[in-house]
Amino acid sequence: MPSDSQCRVCGGTVREFFDFGRQPLSDAFLAPESDPGQEFFYRLATGACQDCTMVQLMAEVPRERMFHDAYPYYSSGSAYMRTHFEELAKRLLATELTGDDPFVVEIGCNDGIMLRALAEAGVRHLGVEPSGAVADVAAARGIRVRKAFFEDSTARQILAESGPADVIYAANTLCHIPYIASILTGVKTLLAPSGAFVFEDPYLGEIIERTSFDQIYDEHFFLFSARSVQAMAARYGLELVDVERLPVHGGEVRYTLVHAGARTPSGAVRKLLADELTMKLAEPETLHAFGTGVLKIKDELTSLLRELRAEGKRVVGYGATAKSATVTNLCGIGPDLVPFICDSTPAKQGRVSPGRHIPVRPPEAFADPYPDYSLLFAWNHAEEIMAKEQAFQESGGKWILYVPEVRIV
Ligand code: DWN
Ligand code: SAH
Ligand code: ZN
């Protein structure tokens, strides 16, 4: 029996429901000549808190191992995501930022994909971003960035220097932070009395419903639901007052937290909470069924890739995502099944994938010549990538998807 761990939100007992086994750091793309003996591995497993329902990893990876000067994920690599964040910036300008000289803090601003529009609109802002290279890109775009991990002490410094924040925003970052107590304490301190803490992250409901198990990896420590976020907010004097489902990254929820009592919760909060009860989201049987679904995908995907290899077909991966680390390492997919992965990120090209050491090549390698099949690891960007690679399908090429089920399109 796996041992329990302690909930990072409420201190309750976290019971394990799925073990992904030994996994490498999801964004540690290695130089091909590096010593494989030096690669860092840890046990990736998920559990649910028996008290507050928060789904979380059973053990954390030290943050400096994941987020450092060579962190290779550049948010602006997707045109679709650029539009998504520009639209949010516009909305914030029209709603939360209408007062005199408003101030916005973004936690995990990465290359400035969201703050860019606010900086251009002349809004006072600060991005807090520990990963050096991506922070440099943001700074070069005229964004004010602090290279640091946001936590309680950072929040107090920012308050002393710049005053309270009207909006604190985080996309795909809050769920990366096991020391979330320090973040929420910091948010409570830094947020203006009428301010809003807005964050968006992969939604547990969607991950369970679509068996998108590759959303689970070292960086994604928490899988939030409306229920677990509501309970978490209340512990820190905050209140969940709005939720919005988003289509990006395979299904996310944008949560709005304010100082407790400052606003009336929306009907959308009530509805999502009710939906989660109906689908028994954090119940043991649901989580158990998810695990069964993961093993089914694992079996079907490895069988398909082995069959294609036996038939002499060429299969190339597309998108050297962090998510792909979970898929390749859980399923045992190496260069014998997928000889290389195409990816548009210069920092990943010429390197090999974590754990299974599949070479990463630029997108130009895709057409040279086109493979018979492509395993779409960046399935969350399917529309954008399939449009870009239309000539692949026209040449008779087929995409392999594995979420919510293994299929060829
Ligand atoms: O939460 C996180 C999300 C926001 O980003 C981080 N923990 C890490 C990262 O996760 P990911 O690597 O799974 O994210 P994406 O956005 O699915 O990665 C897409 C990958 O595919 C990137 O390496 C860029 C590449 N790509 C490409 O080669 N051609 C992407 C697009 C849109 C393309 O057209
Ligand atoms: N907001 C971007 C980036 C998501 S990737 C987007 O949605 O695309 C997660 C980012 O969080 C990384 O750039 C990482 O360096 C940053 N991060 C991790 N821990 C952090 C912390 N404690 N404070 C601020 N940023 C953090
Ligand atoms: Zn808990």
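A few points on the structure.

Conventions we followed
- Residues numbered from 1 in each chain as written.
- Chains lettered and ligands numbered in written order.
- Predicted model: local features only at pLDDT ≥ 70, side-chain atom pairs only at ≥ 80, totals over all residues.
- Heavy atoms only, no water.
- Donors = N, O, S within 2.8 Å, 3.2 Å for Na, K, Ca; no water.
- Tetrahedral: all angles 85-135°; square planar, octahedral: opposite > 155°, others 65-115°.
- Buried < 20%, exposed > 50% of the residue type's maximum accessible area, 1.4 Å probe, protein only.
- Core = buried A, V, L, I, M, F, W, Y, C linked by side-chain atoms within 4.5 Å.
- Helix = DSSP H or I, 4+ residues; strand = E, 2+ residues; numbered from the N terminus.
- Contact = heavy atoms within 4.5 Å.
- Axes fitted to C-alpha atoms, helices over the stretch in contact; angles between N-to-C directions.
- Parallel < 35°, antiparallel > 145°, perpendicular 65-115°, else oblique.
- Nonpolar A, V, L, I, M, F, W, Y, C, P; charged D, E, K, R; others polar.
- Polar contact = N/O pair within 3.5 Å; in protein donor to acceptor, adjacent residues only side chain to side chain.
- Near = heavy atom within 4 Å.
- Domains from an automatic or database assignment.
- Phe/Tyr/Trp six-rings, centres within 6.5 Å; stacked < 30°, edge-to-face > 60°.
- Lys NZ or Arg CZ within 6 Å of the ring centre and 35° of its normal.
- Salt bridge = Lys/Arg side-chain N within 4 Å of Asp/Glu carboxyl O.
- Pairing = 2+ DSSP bridges.
- Arc of directions from axis to C-beta.

### A closer look at the coordination of the zinc ion (ligand 3)
Here's step 1: Protein-derived ligands of the zinc ion (ligand 3) are C7 (SG), C10 (SG), C49 (SG) and C52 (SG), with the metal-ligand distances lying across 2.3 to 2.4 Å.
Here's step 2: For the zinc ion (ligand 3), the 4 donor atoms in the first shell make angles of 100 to 115 degrees at the metal, so the coordination geometry reads as tetrahedral.
Here's step 3: Between consecutive donors of the zinc ion (ligand 3), the numbers of intervening residues give the motif C-x2-C-x38-C-x2-C. Here C49 and C52 have matching classes, each one buried.

### Regarding the nonpolar core
Here's step 1: Among the nonpolar cores identified, the biggest contains 113 residues, and F150, F197, F224, Y255 and Y402 are the most heavily contacted of them.
Here's step 2: Element by element, the count of residues in this core is highest for helix α10 (residues 284-310), at 8 residues.
Here's step 3: If near-sequence neighbours (up to four positions away) are discounted, F197 is found in contact with I107, I168, L174, L184, V187, L191, Y255, T256 and L257.

### With respect to the packing of helix α8 (residues 226-235) against helix α9 (residues 267-278)
Here's step 1: Where α8 meets α9, the closest approach of the two axes is 9 Å, and the angle between their N-to-C directions is 125 degrees. Between α8 and α9, the angle falls in the class oblique. When α8 is examined against α9, the residues A226, R227 and Q230 are found in contact with a partner set consisting of L272, L273, E276 and L277.
Here's step 2: Its residues assigned to classes, the contact of α8 with α9 comprises 4 nonpolar, 1 polar and 2 charged.

### Looking at the side chain of S26
Here's step 1: Of note, S26 is situated in the loop between β2 (13-24) and β3 (41-49).
Here's step 2: At 2.6 Å, the side chain of S26 forms a polar contact with the side chain of D218.
Here's step 3: In contact with S26, not counting residues within four places along its chain, are Y217, D218, E219, T321, A322, A325 and P354.

### Overview of the site of ligand 1
Here's step 1: Every one of the 26 residues lining ligand 1 counts as a neighbour, but H176, E219, K323, D343 and K388 are closest to it.
Here's step 2: A distance of 2.6 Å is found between a nitrogen atom of ligand 1 and a side-chain nitrogen or oxygen belonging to E219.
Here's step 3: Residue H220 places a side-chain N or O atom 2.9 Å away from an oxygen atom belonging to ligand 1.
Here's step 4: Both domain 2 (75-278) and domain 3 (285-408) contribute no fewer than three residues apiece to the shell around ligand 1.

### Overview of the packing of aromatic side chains
Here's step 1: A complete count under the given rule lists 18 aromatic pairs for this structure.
Here's step 2: Plain terms: the ring middles of F17 and F290 are 6.3 Å apart, the flat faces sit at 75 degrees to each other, and that makes the pair edge-to-face. With F17 in strand β2 and F290 in helix α10, this residue pair connects regions lying 273 residues apart in the sequence. Pair check on accessibility: F17 and F290 agree, each one buried.
Here's step 3: The interplanar angle of 65 degrees and the centroid separation of 5.4 Å between the aromatic rings of F67 and Y71 together place this pair among those described as edge-to-face.
Here's step 4: One aromatic cluster is present, formed by F197, F199, F221, F222, F224 and Y255 through successive ring pairs.
Here's step 5: It is R22 that lies over the ring of F41; its NZ or CZ is 3.8 Å from the centre.
Here's step 6: Sitting over the ring of Y179, R63 keeps its end group 4.8 Å from the ring centre.

### Some thoughts on the pattern of salt bridges
Any two side chains of opposite charge can pair, given that their charged atoms come close.
Here's step 1: A full pass over the atoms with the stated rule returns 20 salt bridges.
Here's step 2: Put simply, R43 and D19 hold a salt bridge, and the shortest N to O gap is 3.2 Å. Remark: D19 occurs in strand β2 and R43 occurs in strand β3; sequence separation between them is 24 residues.
Here's step 3: Exposure remark for R43: the relative accessible area of 40% places this residue in the partly exposed category.
Here's step 4: The closest approach of N and O atoms between R124 and D101, which form a salt bridge, is 3.1 Å. One end of the pair, R124, is in strand β6 (residues 124-128); the other, D101, is in the loop between α2 (79-94) and β5 (103-107), with 23 residues separating them in the sequence.
Here's step 5: Each of R91, E200, E244 and R254 takes part in one network of salt bridges that share partners.

### A word on the pairing of strand β17 (residues 398-401)
Here's step 1: Here strand β16 (residues 373-376) runs beside β17; their pairing, made up of 3 bridges, is parallel. Residue pairing for β17: S374 is matched across the bridge by W399.
Here's step 2: Taken together, the 2 bridges between β17 and strand β18 (residues 407-408) define a ladder with antiparallel strand orientation. From the neighbouring strand, I400 faces β18, where its bridge partner is I408.
Here's step 3: Taken together, β17 and the strand that follows it, β18, pair antiparallel across an intervening segment of 5 residues.

### Things to note about helix α5 (residues 152-162)
Here's step 1: Those residues of α5 that fall on the buried side of the exposure criterion are D152, T154, A155, I158 and S162. Looking down the long axis of α5, one finds its buried residues gathered within 160 degrees of arc, a one-sided arrangement.
Here's step 2: Check the buried side of α5 and you find it contacts β5, β6, β7 (145-146) and α6 (180-190).
Here's step 3: The first or second residue beyond α5 is G163, which carries a positive phi of 85 degrees.

This is a description of form; function is not addressed.
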